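In case you want the letters, here they are:
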Amino acid sequence: MASSLIFCLCSLVLAFVSAQPKRAFFIFGDSLVDSGNNDFLATTARADAPPYGIDYPTHRPTGRFSNGLNIPDLISEQLGLEPTLPYLSPLLVGKKLLNGANFASAGIGILNDTGFQFLHIIHIYKQLKLFEHYQERLSGHVGAQRAGEVVNRALVLITLGGNDFVNNYYLVPYSARSRQFSLPDYVRYIISEYRKVLRRMYDLGVRRVLVTGTGPMGCAPAELATRSRNGDCVVELQRAANLYNAQLVDMIKSLNREIGRDVFVAANAYQMHMDFISNPRAYGFVTSKVACCGQGPYNGVGLCTQLSNLCPDRDLYAFWDSFHPSEKASRIIVQQILRGSMEYMHPMNLSTIMALDTRT
Ligand SMILES: *[C@@H]1O[C@H](CO)[C@@H](O)[C@H](O)[C@H]1NC(C)=O
Ligand SMILES: *[C@@H]1O[C@H](CO)[C@@H](O)[C@H](O)[C@H]1NC(C)=O
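First, a word on scope: everything that follows refers to the structure included in this document.

## Regarding the overall build of the protein chain
In step 1: Counting its secondary structure elements, the protein chain contains twelve helices and eight strands.
In step 2: Taking 360 residues into account, the globule formula puts the C-alpha radius of gyration at 21 Å, and the protein chain, at 21 Å, falls close to it.
In step 3: A principal-axis box enclosing the C-alpha atoms of the protein chain has dimensions of 75 × 45 × 40 Å.
In step 4: Across the 360 residues in the protein chain, those meeting the buried criterion constitute 46%.
In step 5: Across the protein chain, every contact between residues at least 6 apart in sequence was considered, and the portion connecting residues at least 24 apart equals 68%.

This is the structure we're talking about:
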């Protein structure tokens, strides 16, 4: 009797759990999280030729700036979510819309003038416009109420800001923005613009957003090749990253206070990268200075193409190309996003978020 009651309860719980749809996942931002939108655009910021994708399951380029999977893929993998398609993919139709969508576009920044040299890319305000279109399409399939719930329950990732330095302020000596602003004033300006972007996302219905700060930009092989004399990380870019990241965390805290709940969660991408950059061997890398694919000093000059040097074992390199982490490095970063302490994830890590959100 008791056992059949327990059995009954268990099957009720199971039925409930399996009836719960998988959480949708939305991604916004730049090349660190673009899963192929730029393949559909007339832009020079693209990763659609070998050896990009060499370690992807299909061993073909997909538009991801990685040898294999990228950070959004690995988050989906860890959470057991369906992989998220690029919003511009013709495959993103029907029921697939329920899995979410990736709106990211390589080359973009917080500012509209960031990445202008790449021509047609999807600036962040445009990504948010596409997110509105997405919601209309989803409503068409499942009705407005269900669509609203999908967006409310979704997990969101946004990675933005690095290009406002490397592809804007520091793109050329005496850039327009660097003549207009001192570095601290520039950081204050882009953070105030970023706040509007995040507030808009909240107004569009999202309730859980992972916001990654910038990595240690001065340590990227591209910067070592062009600005570093002795192979040390470039001080000025590290200073920019530190100013930006500190103000980003403050801005997120203030936004959460304004909203009255922890919608936005800061991921300390700087520290996550610095761990393996300062001690590559402890993480199984032979180097954190030389990119796997590229040419010139540190393989940091120009693009990664079929003519570039290519390392035989990508898992031994922290950097895949002159700016982007290898799949192996991205795995280390995603582990910290999932389980990191407060130093890495503020105010909580993704495992805590998942536990909290399935309870309610
Ligand atoms: C970028 O352009 C859009 C559309 O013109 C505009 O609404 C937005 O305010 C601009 N952002 C900045 C930071 O100037
Ligand atoms: C992060 O996740 C782990 C569980 O994997 C947990 O034990 C830990 O306390 C969490 N840290 C924070 C700051 O939430």
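From this point, the narrative continues.
## Focus on helix H7 (residues 183-203)
In step 1: The end-to-end C-alpha distance of H7 is 30 Å, a good match for the 30 Å that 21 residues give at a rise of 1.5 Å each.
In step 2: All buried positions along H7 are accounted for by Tyr186, Val187, Ile190, Tyr194, Leu198 and Met201. Buried residues in H7, looked at end-on, bunch into an arc of 105°, giving them a common side. The outward face of H7, more than 90 degrees from its buried face, is lined by the exposed residues Asp185, Ser192, Lys196 and Asp203.

## Brief notes about the environment of Ala49
In step 1: By the element assignment, Ala49 lies in the loop between strand S1 (25-29) and helix H2 (71-79).
In step 2: For Ala49 and Ala246, which are 197 residues apart along the polypeptide, the C-alpha to C-alpha distance reads 37 Å.

## Quick look at the site of ligand 1
In step 1: Close to ligand 1 lie Leu111, Asn112, Tyr125 and Glu193, which account for all nearby residues.
In step 2: By residue class, the composition of the shell around ligand 1 is two nonpolar, one polar and one charged.

## A short note on unusual backbone geometry
In step 1: With omega at 5°, the peptide bond leading from Pro50 into Pro51 counts as cis.
In step 2: Here Pro51 shows up in the loop between S1 and H2.
In step 3: The linkage connecting His346 with the following residue, Pro347, adopts the cis geometry, with an omega of 5°.
In step 4: Tracing the chain through its elements places Pro347 in the loop between strand S8 (345-346) and helix H12 (350-359).
In step 5: Even without glycine at this site, His59 takes up a positive phi of about 60°.
In step 6: By the secondary structure assignment, His59 is in the loop between S1 and H2.
In step 7: In this structure, Tyr174 is a non-glycine residue whose phi angle is positive, near 60°.
In step 8: For Tyr174, the location among the structural elements is in the loop between helix H5 (162-169) and helix H6 (176-180).

## Overview of the sheet that holds S1
In step 1: Pairing in this open sheet of six strands is mixed, and the strands run S2-S1-S3-S4-S5-S8 from one edge to the other. A strand with exactly one partner marks an edge of an open sheet, and here the two such strands are strand S2 (100-102) and S8.
In step 2: When strand S3 (residues 155-159) meets strand S4 (residues 209-212), the two strands line up parallel, connected through four bridges. Paired with Thr159 across the bridge in S4 is Thr212.

## Focus on the environment of Ser330
In step 1: With respect to the helices and strands, Ser330 occurs in helix H11 (residues 327-339).
In step 2: Owing to 25 C-beta atoms within 10 Å, Ser330 belongs among the buried residues under this scheme.
In step 3: Through-space distance from the C-alpha of Ser330 to that of Gly143 is 37 Å; in sequence the pair is 187 residues apart.
In step 4: If we ignore the near neighbours within four places in the chain, the residues touching Ser330 are Ser66, Leu69, Asn70, Ile71, Leu74 and Pro325.

## With respect to the pairing of S1
The side chains of a regular strand alternate between both faces of the sheet.
In step 1: Buried residues dominate S1, accounting for five of its five residues.
In step 2: Two strands pair when backbone bridges link them, and S1 and S2 are joined in this way by three bridges, in the parallel orientation. Each residue of the ladder has a partner; that of Phe26, found in S2, is Ala101.
In step 3: Taken together, S1, H2 and S2 form a β-α-β motif whose crossover is right-handed.
In step 4: Strand direction decides the pairing type here: S1 and S3, joined by five bridges, are parallel. Residue pairing across strands places Ile27 opposite Leu157, the latter belonging to S3.

What counts, and at which threshold
- Residues numbered from 1 in each chain as written.
- Chains lettered and ligands numbered in written order.
- Predicted model: local features only at pLDDT ≥ 70, side-chain atom pairs only at ≥ 80, totals over all residues.
- Helix = DSSP H or I, 4+ residues; strand = E, 2+ residues; numbered from the N terminus.
- Rg over C-alpha atoms; globule rule 2.2 N^0.38 Å.
- Buried ≥ 20, exposed ≤ 12 C-beta atoms within 10 Å, placed from the backbone.
- Contact = placed C-beta atoms within 7 Å.
- Expected span 1.5 Å × (residues − 1).
- Arc of directions from axis to C-beta.
- Near = placed C-beta within 6 Å.
- Nonpolar A, V, L, I, M, F, W, Y, C, P; charged D, E, K, R; others polar.
- Pairing = 2+ DSSP bridges.
- Right-handed = clockwise from strand over helix to strand, strands pointing away.

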